[in-house]
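Topology and contacts: notes
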Amino acid sequence: MAHCLELDMMSLGNSAPHALDMLAEAIELTAEDNVKEGRPPLLFRSAPMEAWAQYDEAEDAAVRVLRIIINARQLEDEITLTPHFTRAS
């Protein structure tokens, strides 16, 4: 599972890289739709505190910086996508 805590968006994949790819695509599509509707590309919407607590206890698998290009213009903000895996107790 990949979770962008700053946008509270998640995606699943059959591997960490695949989950990151799926999350990146979801964020890009959301940004494109927001621009088409006249909204800012990305709106900060924090994940619940429980998700942040899980983040602190999880193992990092990979991190990727997502640079979104809309209408031949790169967004100035960069989002870090990190998939995390929690161990079952």
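Above this text is the structure in question.
As the structure is a prediction and not an experimental result, all values here were calculated from the model. Counting restarts for each chain, with residues numbered from 1 along the sequence as it is written. In view of the model being predicted, local features appear only for residues whose pLDDT reaches at least 70, and side-chain atom pairs are presented and counted only at 80 or more, with totals across whole chains, interfaces and linings using the full set of residues. Water and hydrogen atoms were dropped before computing side-chain values, which therefore reflect all heavy atoms in the structure.

Comments concerning the side chain of asparagine 34
Heads up, the condition is: Note on conventions: DSSP H or I runs of at least 4 residues are helices, E runs of at least 2 residues are strands, and numbering of each starts at the N terminus. Residue contacts follow a heavy-atom distance rule, with two residues in contact if any of their heavy atoms lie within 4.5 Å.
Here asparagine 34 is to be found in helix H1 (residues 16-36). The residues contacting asparagine 34, other than those within four sequence positions of it, are Arg39, Pro40, Pro41 and Leu42.

Some thoughts on unusual backbone geometry
Phi is positive for aspartate 8, close to 50°, though the residue is something other than glycine. Counting through the fold element by element, aspartate 8 comes out in the loop between strand S1 (2-4) and strand S2 (9-11).

What to know about H1
Selection rule: Expected helix span is given by 1.5 Å per residue-to-residue step, counting one fewer step than there are residues. Exposure categories follow from relative accessible area, calculated using a 1.4 Å probe and restricted to protein chains: below 20% of the type maximum is buried, above 50% is exposed, and the middle band is partly exposed. Here the arc refers to the set of directions running from the helix axis out to each C-beta atom. Between N or O atoms, a polar contact is any pair within 3.5 Å; within protein, one atom must be a potential hydrogen donor and the other a potential acceptor, and residues adjacent in sequence are included only when both atoms are from side chains.
Taking 1.5 Å per residue, 21 residues should reach 30 Å; H1 reaches 30 Å between its end C-alpha atoms and fits that length. The set of residues buried in H1 consists of Ala16, Ala19, Leu20, Leu23, Ala24, Ile27, Ala31 and Asn34. Down the axis of H1, the sector holding all buried residues measures 135°, keeping them to one side. Sitting at the head of H1, serine 15 places a side-chain oxygen 3.2 Å from the backbone nitrogen of histidine 18. Note on H1: the residue one or two positions beyond its end, glycine 38, has a positive phi of about 80°.

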